[in-house]
Amino acid sequence: MPLDREDLAKLMDKLETAEKFKNPNRKRTKRRYRSLRQVLRDDEKRIQQKRDESKTPIANIVTYQSVTAPPSLKPVKTYCDITGLPTNYRSPTTRMRYYNKECFDMIKSLPPGVDQQYLALRKANVILK
Amino acid sequence: MTTDTDKETPDLHDAAQEVLAPRKVYKMKDYVEPKQTEPFKHDWRNGVPIVIDLGRHTTRVGMAGMKDPSSVFPSITSHYKDKKLKRALNMVGNDVLIDSGVKSNMKNPFDGSIITNWNSVESILDYSFLHVGVDSRDFVESPVIMTEPLVSPFQQRLGLTELLFETYSVPKCTFGVDSLFSFYYNGGNTGLVIGSGYNSTKLIPVVGGKPILDVSKRIDWAGRQAVEYLSSSLQLKYPYFPSRINDFQVENMVKDFCYVSNDYQHEVSHYLDLDNLEKKDITLEASFNEIVKQEKTEEELRQEEEKKKQTMKKLQEQARERRLQKLLEKEHDYEYFTTMETKLKSMNKKEVVSTLREAGFDDDKDLHNYISNLERSLKRARNQDVGENDASDQPPSFDLIDIPDEKLDEEHIKEKRKQRLMKAGYDARQRAKKEKEIARKTAEEAAKKDEEWRKSDLSSWIAARRKRLRILKKRRKDRIRLKEELTDRKSRASQLRMKNIASLASEESEGRGGRKRKATNVTIDNDPNDTFGANDDDWSIYRDIAKGSDSDVEEEYEKRIYDLEEELLRYDPEFTINDTLQAQYSWKKSIIHRFVRGPRDWDPDEQHQQHQIHLNVERIRVPEIIFQPSIAGLDQCGLSELCEQTALKRLPSELGFSGDDVSSIVGDVFLTGGCTLFKNFDSRLRLEFESFLPVGMKFNVRRAEDPLLDTWRGMAKWAVTDEAKSSYITKKQYEEMGPEYLKENRMGCAHLL
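As the structure is a prediction and not an experimental result, all values here were calculated from the model.

Here we come to the overall build of chain A. Scanning chain A from terminus to terminus reveals four helices and two strands. Walking chain A from its N terminus toward its C terminus, one meets helices and strands in the order α-α-β-β-α-α. A compact globule built from 129 residues would reach a C-alpha radius of gyration of about 14 Å, whereas chain A, at 27 Å, exceeds it by more than 25%. When its C-alpha atoms are laid out on the principal axes, chain A stretches across 70 × 65 × 30 Å. Residues counted as buried form 19% of the 129 residues belonging to chain A. Once local pairs closer than 6 in sequence are excluded, the contacts in chain A between residues at least 24 apart make up 11%.

Structure (structure tokens):
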């Protein structure tokens with residue numbers, strides 16, 4: 001249902017009444033955007049600073065970063081990159097995993113670049129920096 | 001040979017194909033277009049806490065103490081400019097989806113589970129307060145309770161408190177982790193909380209109502225990543241899909257058709273088996289405008305056909321005329337040079353040399369060569385359709401030809417010339433006809449002989465046919481292999497090809513110039529000077545240098561194999577349909593066909609099938625990633641491994657846990673969040689716990705009553721307790737102690753150092 005111009009104007013009027021319960025004396029900043037990387041870097045810096053300031057050593061700090069699950073210790077099971085079936089074969093040229101000859105033939109006939117897209121699905125693609 | 005019999009009896013290749021019942025086709029579900037804009041509620045009461053569950057996917061807003069949230073809407077905003085009204089505004093939630101123009105600019109304020117765009121969050125909060133019915137002036141006169149990520153970075157909380165206290169001047173606020181509120185609402189006290197929502201999966205052990213954040217962990221995989229993963233896999237699976245599959249559609253696929261497998265390794269290995277596929281494959285069709293072919297009336301069709309035929313005939317006539325002209329010229333040449341050759345025999349050496357020179361030949365051998373080539377090309381030309389379609393077999397009258405020119409007037413001379421030409425043409429046609437007749441007869445005889453052979457000695461006939469088939473198959477295979485090798489620049493085949501091309505180029509540049517041969521209309525096809533092709537092997541050079549891309553040759557091989565197989569199918573009792581090339585490449589045997597096109601044959605011209613996708617392995621592969629993040633290349637351990645490590649190793653001994661006795665905590669394994677709605681999620685976890693816990697240890701896995709809404713309900717319930725009242729930070733405290741001041745609560749709002 002596309003919005004009617006009249007309805008839209010009414011809706012906008014209504015939405016702008018939000019101004020009534022906002023602090024009229026607040027500081028208004030224009031763009032407020034902080035990327036995830038910035039936030040995490042700031043957090044790390046802050047903790048380092050706290051550590052430096054503190055007289056007694058601080059152990060075991062729980063942070064957003066530290067609650068990330070650790071890498072797996074179990075052997076990794078491998079699957080065909082095309083069909084998802086379990087396999088142990090890997091193409092020597094593209095490093096893609098394949099289930100059988102038919103999949104291997106398909107890998108060989110993939111247009112250039114597509115093999116990297118398949119690998120990107122499991123973050124095994126080559127990233128040039 | 002076989003073409004005649006083909007028409008009489010049905011094609012044996014096709015006769016073997018069984019007819020399968022059509023598959024159920026599901027429509028690809030898109031997002032639900034809201035029928036109206038988000039309704040404005042009047043639930044707000046002065047001083048009653050406002051409860052906001054600001055999720056990565058959905059925001060739920062309502063008043064504390066109520067049973068259900070007042071508004072539930074997706075956490076999206078869109079900056080919308082209306083040129084006619086000359087107004088710009090951030091649209092939020094369902095209002096974004098109502099208009100496709102607004103939707104196209106859709107944004108989400110998060111990156112991961114972290115808020116990055118604070119302007120959008122402010123819009124969402126405006127919208128939330130407005131729709132819940134806040135009616136105070138210059139400030140929001142209610143405490144606010146909000147969700148935050150597990151162990152939120154300081155910046156996050158700072159942003160939220162700043163926003164709440166400075167922009168809305170709320171009197172007090174507090175925060176907590178979503179899964180813990182859900183656990184609280186479902187009456188949990190001690191247990192292992194697993195919250196898997198839209199952005200991340202959390203594992204939080206809770207003892208006596210208090211979360212142990214030291215050993216809590218987060219896996220960066222949940223609904224959103226699953227949708228992204230399925231979306232990119234589908235793009236690779238169907239690279240030429242005619243329409244774009246959007247994230248709403250993929251999300252619906254994940255919700256409706258994905259399920260957790262209880263025994264992944266076993267189930268996935270047999271997923272593409274035909275009988276399993278028959279049960280589990282899902283066919284989805286995207287909506288599209290069907291192009292209806294216009295039906296033409298019989299009369300129109302007939303007329304069209306007629307028209308086509310006539311133009312065709314005309315063109316054929318013209319082409320034939322041209323060919324005939326050329327043929328005549330060649331015949332003339334042939335005659336001329338043959339008479340010259342006979343004349344040469346009676347001349348002396350000197351004369352021979354001079355005549356040859358004059359005509360542009362090196363010696364008599366050269367002349368002979370030239371003549372034999374001419375003869376060959378004549379034969380070829382005659383074999384073309386000259387003489388066909390010639391209705392009148394009666395020779396036209398050539399009465400003027402034998403009368404000498406002197407006895408005729410000018411007009412008759414012209415007529416005579418014409419008649420001469422016609423006669424030559426007629427003769428040529430007759431000769432051509434004869435040759436064709438001979439060829440037809442030999443072919444007929446061969447067929448007859450073959451049939452006799454078959455009837456008298458079937459076994460040897462079969463053996464011969466089989467041998468021929470074998471040879472053909474081998475040749476075809478060799479071609480395919482060659483083609484493959486040619487794609488590699490360093491392979492032997494590629495090197496040979498380059499060599500051939502180089503040698504061909506050098507031959508061409510040698511040049512022969514200066515000949516005055518009487519060869520008119522010399523093209524590459526009919527240049528008699530060219531001895532190329534005198535030996536049949538000459539042609540193979542093209543095969544050698546062609547990159548093997550000419551599909552004609554392959555098709556021809558396939559056709560010949562097909563014909564041979566037809567014969568064998570008919571007469572050889574031991575040759576069955578399963579031995580044919582077609583059966584070898586049948587879709588039933590192709591794992592990729594079954595994966596991409598499901599358990600039915602595929603017709604690439606059928607419009608519906610063009611717009612269909614199949615979900616099969618993905619149905620279990622996508623949810624499996626939470627148990628095996630390595631499938632998606634995520635270097636974190638899976639959920640069951642994390643549970644094992646946490647339950648058996650990480651739990652601190654100060655709280656009385658040792659590796660052997662964790663029964664109190666595994667006695668209540670609690671699941672909440674949208675991802676736990678996958679079918680079998682709980683039963684799979686039950687199996688996993690059974691496998692790593694000591695034998696006989698009792699445990700219980702339960703799902704939240706409503707994994708989506710219980711978080712909000714828990715917040716609404718908790719917000720009015722005395723405990724909550726004591727954990728609010730007031731505006732005064734915020735102003736006095738600064739943004740770092742915090743009161744911890746047992747809902748995961750931890751002191752961040």
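Don't stop here, the text continues.
Below, the discussion takes up the overall build of chain B. The helix and strand tally for chain B stands at 29 helices and 20 strands. The burial tally for chain B puts 33% of its 753 residues in the buried class. Excluding contacts between residues fewer than 6 apart, the proportion of contacts in chain B whose partners are at least 24 apart in sequence is 71%.

Residues and elements named next belong to chain B. As summarised here, the arrangement of the three strands in space is S1-S16-S17, forming an open sheet in which the pairing is mixed. Where the open sheet ends on each side, the last strands, each with one partner, are strand S1 (25-27) and strand S17 (612-615). The average undirected angle you get between the axes of adjacent strands in this sheet is 35°.

It is common to report an interface's size as the accessible area lost on association of the parts. Facing 72 residues of chain B, the contacting portion of chain A comprises 62 residues. Partitioned by chemical class, the residues of the side of chain B that touches chain A number 31 nonpolar, 23 polar and 18 charged.

What follows deals with the UniProt feature "coiled-coil region" (unreviewed entry) in chain B. Using the residue numbers shown here, the UniProt feature "coiled-coil region" (unreviewed entry) corresponds to residues 284-325 of chain B. Between the end C-alpha atoms of residues 284-325 of chain B the distance is 62 Å, and the span holds 67% helix and 5% strand.

All names here are of chain B. Alternating positions in strand S10 (residues 144-147) separate into two faces, Val144 and Met146 on one and Ile145 and Thr147 on the other, with burial throughout. Inspection of the sheet shows strand S2 (residues 50-54) paired to S10 by three bridges, in the parallel sense. When the bridges of S10 are listed, Val51 appears paired with Ile145. Handedness of the crossover joining S10 and strand S11 (residues 172-176) through helix H6 (residues 154-167): right-handed.

So, about the environment of Ser104 of chain B. Residues and elements named next belong to chain B. Turning to its location among the elements, Ser104 is positioned in the loop between helix H4 (100-103) and strand S7 (106-107). Taking the C-beta count within 10 Å as the criterion, Ser104 has 10 such neighbours and is therefore assigned exposed. Taking the C-alpha atoms as reference points, Ser104 and Asn117, separated by 13 residues in sequence, lie 18 Å from one another.

Residues and elements named next belong to chain B. With antiparallel pairing, three strands are arranged side by side in an open sheet as S6-S5-S7. Looking at which strands have only one partner, the edges of the open sheet turn out to be strand S6 (87-92) and S7. One ladder, built from six bridges, connects strand S5 (residues 77-82) with S6; its direction is antiparallel. For Tyr80, the partnering residue across the bridge sits in S6 and is Leu89. Of the strands in this sheet, S5, S6 and S7 touch helix H5 (residues 118-132), which is tilted by about 75° from S6.

Attention now goes to unusual backbone geometry. With phi around 50°, Lys123 of chain A is a residue other than glycine that occupies positive phi space. A count of 12 C-beta atoms within 10 Å places Lys123 of chain A in the exposed class.

Over its twelve residues, helix H26 (residues 681-692) of chain B extends 17 Å from the first C-alpha to the last, a length consistent with the 16 Å expected when each residue adds 1.5 Å. Its buried side turned inward, H26 of chain B meets helix H24 (639-650), helix H25 (663-666), strand S18 (669-672) and strand S19 (701-703) of chain B.

A few words on the domain arrangement of chain A. Partitioning chain A into structural domains gives domain 1 (36-68) and domain 2 (72-129). For domain 1 of chain A and domain 2 of chain A, the distance between their C-alpha centres works out to 38 Å.

The next subject is the nonpolar core. One finds Val51, Leu192 and Leu230 of chain B to be the most contacted residues of the largest nonpolar core, which totals 132 residues. Excluding residues within four positions of it along the chain, Val51 of chain B makes contact with Gly62, Met63, Ala64, Ile145, Trp712, Met715, Ala716 and Ala719 of chain B.

According to UniProt, the feature "domain: Vps72/YL1 C-terminal" (unreviewed entry) maps to residues 78-107 of chain A in the numbering used here. Between the end C-alpha atoms of residues 78-107 of chain A the distance is 17 Å, and the span holds 23% helix and 13% strand.

Where helix H2 (residues 36-53) of chain A contacts H6 of chain B, the two axes come as close as 8 Å, and the packing angle between them is 105°. Overall, the two elements H2 of chain A and H6 of chain B adopt an arrangement that is roughly perpendicular. Facing H2 of chain A, whose interface residues are Val39, Asp42, Asp43 and Arg46 of chain A, H6 of chain B presents Phe154, Gln155 and Gln156 of chain B.

This paragraph deals with the packing of helix H7 (residues 178-185) of chain B against helix H27 (residues 710-718) of chain B. All names here are of chain B. Relative to each other, H7 and H27 sit at 70°, their axes nearing to 7 Å. Between H7 and H27, the angle is such that the two are roughly perpendicular. Contact residues: H7 offers Asp178, Phe181, Ser182, Tyr184 and Tyr185, while H27 offers Asp710, Thr711, Arg713, Gly714, Met715, Lys717 and Trp718. For the contact of H7 with H27, the per-class residue count stands at five nonpolar, three polar and four charged.

Thresholds, definitions, all that
- Residues numbered from 1 in each chain as written.
- Chains lettered and ligands numbered in written order.
- Predicted model: local features only at pLDDT ≥ 70, side-chain atom pairs only at ≥ 80, totals over all residues.
- Helix = DSSP H or I, 4+ residues; strand = E, 2+ residues; numbered from the N terminus.
- Rg over C-alpha atoms; globule rule 2.2 N^0.38 Å.
- Buried ≥ 20, exposed ≤ 12 C-beta atoms within 10 Å, placed from the backbone.
- Contact = placed C-beta atoms within 7 Å.
- Pairing = 2+ DSSP bridges.
- Axes fitted to C-alpha atoms, helices over the stretch in contact; angles between N-to-C directions.
- Nonpolar A, V, L, I, M, F, W, Y, C, P; charged D, E, K, R; others polar.
- UniProt positions renumbered as here; feature names shortened; annotations may be inferred.
- Right-handed = clockwise from strand over helix to strand, strands pointing away.
- Expected span 1.5 Å × (residues − 1).
- Domains from an automatic or database assignment.
- Core = buried A, V, L, I, M, F, W, Y, C linked by C-beta atoms within 7 Å.
- Parallel < 35°, antiparallel > 145°, perpendicular 65-115°, else oblique.

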